[in-house]
Every structure is written in C-alpha cells, then in structure tokens.
Amino acid sequence: MANYHKPESKTIQELKDIANKLRIDSVTATQASKSGHPTSCSSMAEIVSVLFFHTMRYKLSAPRDPSSDRFILSKGHAAPILYAAWAEAGLFPVADLQNLRKYNNDLEGHPTPRLNFIDVGTGSLGQGLSVAAGMAYVGKNFDKANYRVYCLIGDGESAEGSIWEALHFASYYKLDNLCAIFDINRLGQSEPTSLQHNMEVYRKRLESFGFNALVVDGHDVQELVKAFYEAQQTKDRPTAILAKTFKGKNFPNIEDLENWHGKALGNKADEVIAHLTSLIKNNGPLALHPQKPLVDDAPAVNITNIKLDTPPNYKLGEQIATRLAYGTALAKIAKNNSRVIALDGDTKNSTFADKIKTVDPSRFIECFIAEQNAVGVAMGAACRDRTVAFVSAFATFFTRAFDQIRMGAISQSNVNFVGSHCGVSIGEDGPSQMGLEDIAMFRTIPGSTVFYPSDAVSTERAVELAANTKGICFIRTSRPNTPVLYENDESFVIGKAKVVKSSPKDQVLIIGAGITLHEAVKAAEELVAVGINVRVIDPFTIKPIDAAAIIENAQACGGRIITVEDHYPEGGLGEAVASAVALERNIIVKKLAVSEVPRSGPPDVLVDAFGLSARNIIAAVEEIIKH
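Residues numbered from 1 in each chain as written. Predicted model: local features only at pLDDT ≥ 70, side-chain atom pairs only at ≥ 80, totals over all residues. Heavy atoms only, no water.

A. Local environment of the sheet that holds strand 11 (residues 449–451). The sheet built from seven strands is open, its strands ordered 8-7-9-10-12-11-17 with mixed pairing. Sheet topology places strand 8 (364–366) and strand 17 (541–543) at the edges, where each strand pairs with a single neighbour. When strand polarity is set aside, the average angle formed by the axes of neighbouring strands in this sheet is 20°. When strand 9 (residues 388–394) meets strand 10 (residues 415–420), the two strands line up parallel, connected through six bridges. The partner of V391 across the bridge, within strand 10, is F417. (Pairing = 2+ DSSP bridges. Helix = DSSP H or I, 4+ residues; strand = E, 2+ residues; numbered from the N terminus. Axes fitted to C-alpha atoms, helices over the stretch in contact; angles between N-to-C directions.)

B. How the structure looks around the packing of aromatic side chains. On inspection of all chains with the given rule, the structure shows 25 aromatic pairs. Centroid distance Y137 to Y173: 5.2 Å. Interplanar angle 85°. Geometry classified as edge-to-face. One end of the pair, Y137, is in helix 5 (residues 128–141); the other, Y173, is in the loop between helix 6 (161–172) and strand 3 (178–184), with 36 residues separating them in the sequence. By the burial criterion, Y137 is buried, and Y173 matches it. Aromatic side chains W164 and F209 sit 5.3 Å apart centroid to centroid with 40° between the ring planes, which places their arrangement in the tilted category. Placement of W164 in helix 6 and of F209 in the loop between helix 7 (199–208) and strand 4 (212–217) is noted, with a sequence separation of 45 residues between them. (Phe/Tyr/Trp six-rings, centres within 6.5 Å; stacked < 30°, edge-to-face > 60°. Buried < 20%, exposed > 50% of the residue type's maximum accessible area, 1.4 Å probe, protein only.)

C. Structural view of helix 4 (residues 79–89). Within helix 4, 11 of the 11 residues are buried, which leaves the element mostly enclosed by the surrounding structure. The complete set of buried residues in helix 4 reads A79, P80, I81, L82, Y83, A84, A85, W86, A87, E88 and A89. If you follow the buried residues of helix 4, they end up packed against helix 1 (9–33), helix 2 (38–42), helix 3 (45–55) and strand 1 (70–73). G90 sits one or two residues past helix 4 and shows a positive phi near 115°. (Contact = heavy atoms within 4.5 Å.)

Written out as structure tokens, the structure is:
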C-alpha cells in the first residue's frame, strides 16, 4: 500500500469524537424510547464514524443516488447509531433521534425503506450480506460503476447459514467492490457467542472462503481507516474486516458485561453520557465534511413498460409445459429490456430459466443450491431500481427462504419468484420435491401478487405482467405438458378471471388452476354427456382473486362451487375462493385438494389417487348437486 497516507492527527481525533457523539445519540434516543440496543450500537461506533465521515461516498441530497456507495446494516437492531450517523452528517436534525420507535415516526426499531436512506429492511439476522452481494454483483457486472458496498454484520448473526452462503457467492464471483465488516463484540443476546474473541478462527474461516481477511482493533480509527483503504485497493476478491470490539464500549460498569443486550441504560444513562462527553475533545461543528465526491458513473436505467419482444406463438391444443413457457417469456422480456436478469439455484434446465442465456449469458446468475442467498441477492440486485429480477427454483424450495421473502416485502422489494414442479403432478420424484405449500406461503406476503397460469399463453402474459408489477410476485408453473387454451392475442389482467366453459344451464361452478383446470375441463365435457352442465373458471391470479367474477358465476350456478388444486387445502386456491365468498348468502364451497403427504408414482396415477382427476371432480359434482 505504497500510496496510503496516514490521516492527520486532527482527523483521527475528530473521528474518535464523532464515534463518541454517535454513542451519546444512541443512548439518548433509546432512553427516550425506553427500549433499544445502545450497547450493540456502541461496539460499532468507530466503524460507523470512519465509514460515514471518512471512507464512503454519498450525497445527502440524494441518499439513494445510483452512483453512491451502499451501506447495509445487517445487525439491524443497532439502527439507532445508523440513524445517528445520517443525522450527524446533516440529513435530518439530530433532535429527531428522540422520536426513535415512536408510532407515526419512521425511525423504527429496525431499519426499513420508509426512510429515504435505507435500501432494505434488516433485523431478521443473517440476511444483509446476501443483499449486499446482490448490490455488488450489479455494480461490478451490469452498472460497471465505481460505487462500493459495505455490509456490517454482527458476530452473533454470523452463525446463520445464510451468511456462509453469501460468503461463498461473493468469493466465487470475485466481488472486490464488496466489504463485509464483522462487529465481533463477543456477546450475544443471552450469553457469549460461540467464538467470542477468537479472532484467529474468524480470520482462517474468512480466508478459507476466499476473502481478504483483515483483523483490526475495531475501536482504533487509524486501523479502520487503513483497513478500508486496503479493501478499496484489493482486486479479484472481496474483503472482510474482522473488528475486535466490545459491547457497550466506553460505558462505565457496562462495557463487555452480560445482560445488557437490548436494554435502554435507565438510571445509568447520565453517568455514561457524562463519561462519553468527557472523551470528546471538540464539541463544536464538524470540521470533517461527510460527503466525499462521487464518481457519477452509474448508467441511467429504465425498467418501466417491459414487454414481450414478440407475442405468444402457440396453436390451440398444443401441449406445452407452463415451466417451458416461462423460459420462453423470460427470454422475450430480456430481449426487450437489458435490465431483466434471472437467478436460479442449479435448477435452470428444469425451470427453463437458462433460456435467458440465448439472449445474453451475462444476465443469468447461477446461485447454486443456496436458495436463501439467491433470494437475498435478488433483493440487492433490484435495489434502487437497477434490475428486474426473476428468481426460479422448484416451488417447494422457496419454503426454506420464506424469511428472506417476507423481509423482501418489508423492504418494499420488487422481486419476481417462479416456482416450478408444483404438486403431485410432478410424479415419481416424490413428496420432497412437490410444491404443496407455496401458494399459501406467497399469499401471506403483504402486497404480493400470486399468478397461477394454466397454459403457455397465460404464462407468457403472467411473466410480462410480473415484470411491471410492484412488490413480491410469484408465478406457479407446472412440470407436465398441458394443452394451450387461449388464443395468442388473449388479454390478461391481474385480478381478472377467465370463464373457460359455460352454458345457461350450469349447475356447478368449478374453479381450477394449472393442471387441475384441464382436469375440470375434461370433467365438464364428460358431464355434458350425462345431462349435467357445469361452468369452469380459470382464476389466473390467486391473489388478488377475482371475487366479483366468482360470486357472479357462482350465483348463476345455484351457489355451488368446487375448487380443485394441486396443493394442500390450507391456504391455497380453495381458501382464497372461500374467503372471497365468505359474506355471500347461499354459496357453498367444496374443496378438492391434496389432503395428506403424497408418494411417488406416475403423474396421472397421483393426480387421480389424491382426488384431483376428472373422475374425482365428476364425483364431487354429482355429490354437491345431490345434497
């Protein structure tokens, strides 16, 4: 590091002073709210001081400027010191910190993007590094810009497997614009962490993952300045700064002691503030200017009005799996917009996400078998509207990333998930591979949109719609080939169902989706032969469900509804329909669903054995008419 220049002593002292000011701000804010984590803030005070007042480049006038450095606070419970840093830098008055955790104030207990300087919500631990890796991947490979990404991780949360997934990803892709900072303060919530201050074990672990691992005294601003400089100079691998710190640093009779996690200091606060104040040499205005000049090199991006490059091109009755139509549509929208990207967890040749590679191989990100990290990376990639991200996997494997997905909603993320191989219709692979909970899971996500297309045409349109829809989107695709139902120019709208089959004499309304819609059509055709007319609806989206169309058509069919779904009964299509008609008189709903853990077998055999086939639907129709 021949070009490294040690900061002047005046600068070193001011960074020390800022750190203690940030500690005071954290104490007074948590005193005002009578809750929070001041000791967790204190351990990282010097790290935040150096980052925000020496190292990072950003604009106070535009905290989410595309060219600015990014900071992710993975240990989100230390939010007060992050808020304090932005306040001391001048983004908002320091006095506003006294509103911490108050209702109707956005300085919440853990950070969320309700604040204009927060990219993602954090606080469910172990997730920040994946998000940071997604940001860094976009910065290096798509934006090709100079901005850097910093992620501060607690030592307790570093036990989470998602952290190690992210470390592998960042190292594999040589994200040298990423700097992970581990705040190793020895103490967890209820007892010391497993490694405590064994810094050599931390170093060996990070080096084994391919990181440039730097062990520093996390309370020595000079060591921190030098470490961040070395991180900036390191090429072809990310850097991990392993900062040995103390929880409650500079808090007399509290520092490095147990049982102070997540507590305001109470009657100890005045003593602590007095001591911190005595450590500050200059209490006047900041001489350091927090804003460093940006290299304004992040390109302008437009991710609005994304279209299929060419319309669907199928023949009625043609047998096409909806998972294959997803891949086709993904390639089409990628051709239309250069910021459409795809991520997958080593299932790309089954989900058909690899079709995007025919358009641009660089826009496919292989995340390997690490679904939690894949979701976090997608969230990071979508931040600041830099990409339109589609994440695909077998539908059932998203269940292990549910926490990341729900945090995506808290983070106001626009990420699209595509789950293939849903239900018993996948066949011989057996229940471990069958997505039977996925609709329920995604329906619970606030603001989510759940698509369940039943043919190739509607699948392509679902992909196009999802690309332009805010919030979390889920598209459920099937493994088996199914016939094309719709003309290529058919129009689809979120929340609008399609009546697939009807007559003036219909006695029952059948609602199916995916493979069960086709079984419902078969049942309807067989029932006509014995003088029973039924109506069949394709809901297209399960959330929002088209309540008006369901109620109107149910009333026209004598108030009788049968739902058929390749999913467990809890939380799926049947319950969405039942909720839609809950306040209507004289409507009953009979649900056909997979009622037990299934087993291996041929798809047709399983669909029949678990009550979803045309034969089962016919029996249900006859029963509901009879009773």
